[in-house]
Amino acid sequence: RHGLALHRPPSAGSSSGLCSQPCSGSLPRPPAGRPGTNHGRTETNGIPLGLAGSVPLILQSKNASYTEQAFFSFVFWPFSLKLLWAPLVDAVYLRRFGRRKSWLVPTQYVLGLFMIYLSTQVDVLLGDGQGRGPDVVALTVTFFLFEFLAATQDIAVDGWALTMLSRENVGYASTCNSVGQTAGYFLGNVLFLALESASFCNKYLRFQPQPRGIVTLSDFLFFWGAVFLITTTLVALFKKENKELTPTKEETQGITDTYKLLFSIIKMPAVFTFCLLILTAKVGFSAADAVTGLKLVEEGVPKEHLALLAVPMVPLQIILPLIISKYTAGPQPLNTFYKAMPFRLLLGLEFAFLVWWTPRVRHEGGFPIYYYAVVLLSYALHQISLYSMYVAIMAFNAKVSDPLIGGTYMTLLNTVSNLGGNWPSTVALWLVDPLTVKECTGAQEQACGNALEAELCTKAGGSCITTLDGYYVESVICVILGFGWWFLLGPKFKKLQDEGQSSWKCKRTN
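I will try to describe carefully the structure that is included in this document. Residue indices follow the written sequence of each chain, beginning from 1 at its first position. Given that the model is predicted, a residue must reach a pLDDT of at least 70 before its local features are reported, and side-chain atom pairs must reach 80 or more before they are shown or counted; all residues, however, enter totals for whole chains, interfaces and linings. With hydrogens and water stripped out, all remaining heavy atoms of the structure feed into the side-chain values.

A word on the nonpolar core
As a rule of thumb, soluble globular proteins bury nonpolar side chains together. For clarity, the threshold we go by: By nonpolar core we mean a set of buried residues, namely Ala, Val, Leu, Ile, Met, Phe, Trp, Tyr and Cys, connected to one another through side-chain atoms within 4.5 Å. Burial here depends on accessible area, computed with a 1.4 Å probe over protein chains only, as a share of the maximum for the residue type. Under 20% is buried, over 50% is exposed, and the range in between is partly exposed. In DSSP terms, a helix is any run of H or I states spanning at least four residues, a strand is any run of E spanning at least two, and both are numbered starting from the N terminus. Marked domain ranges trace back to an automatic or database domain assignment. For this analysis, residues touch if any pair of their heavy atoms sits within 4.5 Å.
Membership of the largest hydrophobic core comes to 76 residues, with the highest contact counts inside it found for Leu51, Met115, Phe143, Leu217, Val291 and Tyr371. For this core, the element with the most residues is helix α7 (residues 136-164), which contributes nine residues. Shared between two domains, this core holds at least three residues of each, these being domain 1 (35-239) and domain 2 (254-435 + 469-500). Dropping the residues within four chain positions of it, Phe143 is found in contact with Ala52, Val55, Phe72, Val75 and Leu118. Counting 36 residues, the second-largest nonpolar core is a separate cluster that includes Cys275, Met389, Val416 and Phe493.

Concerning helix α5 (residues 101-119)
We apply this condition: To estimate the expected span of a helix, subtract one from its residue number and multiply by 1.5 Å.
Taking 1.5 Å per residue, 19 residues should reach 27 Å; α5 reaches 27 Å between its end C-alpha atoms and fits that length. Those residues of α5 not exposed but buried are Lys101, Ser102, Leu104, Val105, Thr107, Gln108, Leu111, Gly112, Phe114, Met115, Leu118 and Ser119.

Some thoughts on the packing of aromatic side chains
The geometry of two aromatic rings is summed up by the distance between their centres and the angle between their planes. For clarity, the threshold we go by: By convention, a stacked pair of Phe, Tyr or Trp rings (six-membered ring in the case of Trp) has centres within 6.5 Å and planes under 30 degrees apart, an edge-to-face pair has planes over 60 apart, and any other such pair is tilted. Whether a charge sits over a ring depends on NZ of Lys or CZ of Arg being within 6 Å of the ring centre and within 35 degrees of the ring normal.
Overall, the coordinates contain 27 aromatic pairs when judged by the stated rule. With a centroid separation of 5.1 Å and an interplanar angle of 55 degrees, the aromatic rings of Phe337 and Phe493 are classed as tilted. Highlighted residues: Phe337 in helix α17 (residues 334-361) and Phe493 in helix α22 (residues 490-495), separated in sequence by 156 residues. In this pair, the class of Phe337 matches that of Phe493, namely buried. Connected via pairs of aromatic rings, a cluster forms that spans Phe274, Phe337, Phe396, Trp485, Phe493 and Trp504. The aromatic ring of Phe285 is capped on one face by Arg344, whose charged end is 4.1 Å from the ring centroid. If you follow Lys494 out to its NZ or CZ, it ends over the ring of Tyr338, 4.4 Å from the centre.

With respect to helix α13 (residues 269-280)
With 12 residues, α13 should cover 16 Å at 1.5 Å per step; its first-to-last C-alpha distance of 17 Å lies within 8% of that length. Taken residue by residue, α13 has Ala270, Val271, Phe274, Cys275, Leu277 and Ile278 as its buried positions.

What about the pattern of salt bridges?
Basically, it comes down to this: Note on definitions: salt bridges are taken to be side-chain nitrogens of Lys or Arg within 4 Å of carboxyl oxygens of Asp or Glu.
Taken as a whole and assessed by the stated rule, the structure comprises three salt bridges. Note that Glu298 and Lys295 form a salt bridge whose closest N and O atoms lie 3.5 Å from each other. With Glu298 and Lys295 both in helix α14 (residues 286-298) and three residues apart, the pair spans about one turn of that helix. A relative accessible area of 41% means that Glu298 is categorised as partly exposed. Among the residues examined, Lys295 registers a relative accessible area of 3% and is labelled buried. Across the salt bridge formed by Asp469 and Lys295, the nearest N and O atoms sit 2.8 Å from each other. Of the two residues, Asp469 sits in the loop between β2 (463-468) and α21 (470-488) while Lys295 sits in helix α14, which places them 174 residues apart along the sequence.

The following block contains the structure:
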């Protein structure tokens, strides 16, 4: 995983993807890197990611700690771990039904049924708000399984895209993915957060105020579970794979052969270097992407207002990949990644300033219009830099992937990209509380180092005051590390695109 409110698309991830990250309560962004290369996954992949990305904001409104948020961020890790079972998906199938449909159809059926079942349990897991808080462990396990199914579907789609598109057009696969998944993520995250908010629905959609929103998470899960079952049935009945291309373009000899090929891919110098560099490239963005949205909610910005700010961004999110793909479809897509990186790093400092500024402009009625205008502009600049890097990586991965082992090769590169966004985001969330310094004022000899000490401070008549917010410490450290990577390792990263096609081609022995 999993922006401003909202969480991580291209990690997440993925975010198999740049999103990352995800994943937690980060700024709204393309499903961070959730790898994908097919226009047909608009809702079927974006919806699970969007719903999972909404939960951290709900947890934040229920006063969950950042340690608990870090634990929940593991929900997005299946997109970084799917490489472990990708060879199985790539090699085992029913030829008559279709190589990719053999996994896509049953996985989406299970996803639909799982969502319907989850709709009956999620309200209990989130807590009643009257003394019984959310069960973060159970929520994490449940949504981890949910994302595991989505990641499995992702593997099948990755491989299918390589035969759907001709080799000269395969670079546009990332454009199809970005546009489609953004739409699905919007429905599962932004639309849900707005309709779930009682204040938004009462202000804009109702004549008579009600204590709850129009839909709950339970309602939303049930609805999309039913949609999954219907659309999957249509795909199973009417969508046909090109059986003539399957044996010639992506032929494997079974699971063992596929795993051997996987290890041979990883051992190739070009691929190994790429993996090491992309695993560390996104450390500089982790505090801004993973924590900023949660911090804004903590400072009093309604999560539904942040979600609404994503609405005017939808046209930008659709247009950006189309524009950027003109530069990334060429022979050097990583140039775009390298040029966008310093701008995105500087935005991390701007986000930290935005969080610091938020309580200073807040008034009894909420926040002034100019505040939301600044947030919207910050969000737009973030999207431009993020999509520039995301589309560049996806285009590069698609170009160097060997179709001989299509699904597994593409999944290797994309999941490494996604892991490069997920692990820094999880660490960033985990370190917020330890790096934060609090003092107990009004009660001598009391401390606020943990929840128990804070409770004792309150009972003694004092209150815990934050003297140093770990988020600001992280923001500065991350930007310094990010620019260090850009100066020292960035040029080596760009040189990878100068490698010949033979450096990326599987050397296969029968």
